[in-house]
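Observations on the three-dimensional arrangement
Read off the chains here:
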Amino acid sequence: MIKNSCQNSVIILNSHGAIIGIIMPQTNSKSKKSKNLKSKKETKAKNKNLEKTSELENKKLVKNDTSQPKEKDKEETKKKLENEKLVFQVNDYIVYPSQGIGKIVSIEPIKIMNQKKLYYIIQIFDKNLTIKIPVENVESTGIRPIIKKNDVKKVLKILEQEQDQLEEDWKIRYQNNLNKIKSGNIFEIAEVCRNLYKRARDKELSLMERRLYETAYALVTGEISYAKGITLEESKNLVSELLSKQ
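All of the points below concern the structure found in this document. A quick note: this is a predicted structure, and the numbers were derived from the prediction, not measured. (Residues numbered from 1 in each chain as written. Predicted model: local features only at pLDDT ≥ 70, side-chain atom pairs only at ≥ 80, totals over all residues. Heavy atoms only, no water.)

Here we take up empty space enclosed by the protein. For the structure shown, the criterion picks out one cavity of 30 Å³ or more. As a volume, the largest cavity reaches approximately 30 Å³. In terms of lining residues, the largest cavity is bounded by Val95, Pro97, Ser98, Arg144, Ile181, Gly184, Ile189, Leu219 and Glu223. Per-class residue counts for the lining of the largest cavity are five nonpolar, two polar and two charged. (1 Å grid on protein atoms, 1.4 Å probe; cavity = no way out; pocket = protein on both sides within 12 Å on 5 of 7 lines; lining within 4 Å. Points joined across faces, edges and corners; volume = space filled by probe spheres on them. Nonpolar A, V, L, I, M, F, W, Y, C, P; charged D, E, K, R; others polar.)

Within the secondary structure layout, Asn195 lies in helix H6 (residues 186–202). The class of Asn195 is buried, set by a relative accessible area of 1%. When neighbours within four sequence positions are excluded, Asn195 is seen to be in contact with Gln163, Asp164 and Leu166. (Helix = DSSP H or I, 4+ residues; strand = E, 2+ residues; numbered from the N terminus. Buried < 20%, exposed > 50% of the residue type's maximum accessible area, 1.4 Å probe, protein only. Contact = heavy atoms within 4.5 Å.)

Attention shifts here to the packing of helix H7 (residues 207–228) against helix H8 (residues 232–243). Where H7 contacts H8, the axes come no closer than 8 Å and their chain directions differ by 120°. On the basis of the axis angle, H7 is oblique to H8. In this structure, H7 crosses over H8, and the sense of that crossing is right-handed. Residue-level contacts link Tyr213, Tyr217, Val220, Thr221, Gly222, Ile224, Ser225 and Lys228 of H7 to Leu232, Ser235, Lys236, Leu238, Val239, Ser240 and Leu243 of H8. Here the contact of H7 with H8 is composed, by residue class, of eight nonpolar, five polar and two charged. (Axes fitted to C-alpha atoms, helices over the stretch in contact; angles between N-to-C directions. Parallel < 35°, antiparallel > 145°, perpendicular 65-115°, else oblique. Left-handed = near helix turned anticlockwise from the far one by under 90°.)

What follows covers the nonpolar core. With 31 residues, the main nonpolar core has Val155, Leu159, Cys193, Val220, Ile224, Val239 and Leu243 as its most contacted residues. Ranked by residue count, the leading element in this core is H7, at eight residues. Ignoring any residue separated from it by four or fewer positions in sequence, one finds Val220 in contact with Val155, Leu159, Ile186, Ile189, Ala190, Cys193 and Val239. (Core = buried A, V, L, I, M, F, W, Y, C linked by side-chain atoms within 4.5 Å.)

This part is about H7. Three- or four-residue spacings in an α-helix give side chains the same orientation, since the helix completes a turn every 3.6 residues. For H7, built from 22 residues, the straight-helix expectation of 32 Å at 1.5 Å per residue is met to within 8% by its first-to-last C-alpha distance of 32 Å. One or two positions beyond H7, positive phi appears at Gly229, with a value near 70°. (Expected span 1.5 Å × (residues − 1).)

Looking now at the sheet that holds strand E4 (residues 93–96). Taken together, the five strands give an open sheet; going across it, the order is E7-E6-E5-E4-E8, and neighbouring strands pair in antiparallel fashion. With one partner strand each, in any of the chains shown, strand E7 (129–134) and strand E8 (144–145) form the two edges of the open sheet. Pairing between E4 and strand E5 (residues 100–112): four bridges, direction antiparallel. Bridged to Ile94 within E5 is Gly102. (Pairing = 2+ DSSP bridges.)

Turning to the layout of surface pockets, a few remarks are in order. If you add up the space inside the largest pocket, you get close to 180 Å³. What lines the largest pocket is a set of 16 residues, and nearest its centre among them are Asp126, Lys127, Thr215, Ala218 and Leu219. Where the lining of the largest pocket is concerned, the elements lending two or more residues are E5, H7 and H8. Counting residues per element, the lining of the largest pocket draws most heavily on H7, which supplies eight residues. Among the residues forming the lining of the largest pocket, the class breakdown is five nonpolar, six polar and five charged.

Take the environment of Ala218 next. Structurally, Ala218 can be placed in helix H7. Remark: the alpha-carbon pair of Ala218 and Asp126, spanning 92 residues in sequence, is separated by 9.4 Å.

Right, let's get into the pairing of E5. The hairpin formed by E4 and E5 contains three residues between the paired strands, and Ser98 there has a positive phi angle of roughly 70°. Relative to strand E6 (residues 115–124), E5 is paired through ten bridges, and the arrangement is antiparallel. When the bridges of E6 are listed, Pro109 appears paired with Leu118. Where E5 folds back on E6, the antiparallel hairpin that results is connected by two residues, among which Met113 adopts a positive phi of roughly 55°.

In this structure, E4 lies alongside E8, joined through two bridges in antiparallel fashion. Paired with Ile94 across the strands is Pro145, a residue of E8.

How two aromatic rings sit relative to each other is set out by the distance from centre to centre and by the angle between their planes. All chains considered together, the criterion is met by seven aromatic pairs. Centre to centre, the rings of Phe88 and Tyr120 are 6.2 Å apart; their planes meet at 70°, and the pair counts as edge-to-face. On the criterion of sequence distance, the pair formed by Phe88 in the loop between helix H2 (67–83) and E4 and Tyr120 in strand E6 is long-range, its members being 32 residues apart. Overall, the relative accessible area of 4% leaves Phe88 in the buried class. Tyr120 gets classed as buried once you look at its relative accessible area, which sits at 0%. (Phe/Tyr/Trp six-rings, centres within 6.5 Å; stacked < 30°, edge-to-face > 60°.)

The following block contains the structure:
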């Protein structure tokens, strides 16, 4: 018999050159098995590494994703808005006592002293001022809607009436007028505007009373402007004309 090796196998030939047997080397099958085991281990190791990498990347994404707390805040705000009985909504025009016409630009939860409450964010137009006030404090603060067109007639009528009998003591007079302005009541503010204007024709106003008159005049003309849908200049002309009638 003649032995010959070919392609990693042993081929057995007889004397005539005919193949009588083929012996596959055992080392070859073992190497294949070991290779398969090795490849399986490598695959498992790669999968574990990929899983770890994926987990780390997800943690980084969650940490860096600022949209998650924002979404949480939005949901929280939505729930609070549903539970709260809101007097005003976003984009409503309001009157803030002693400050004038403003607009509700947003309603947001704000945490102060470990307490989170809903706040109205109000933009005051004439003063370029932003005020944040708890929703629950609206009534006590005196915030109200702008008067209707029908109420404008009543304000104009007050302006052209005779002045009230005022206190001679300027300190008492000043405090009474200041309280009326702080109340936010447009009709009382119109009275202050009229009384001080007509008093100034007879007697010179003190510096503090002059400033009080200017405040009342600005509040009245500003609200009439929005209520009637006219320019501030037109509102001022209308008020000044009525005040100077008598």
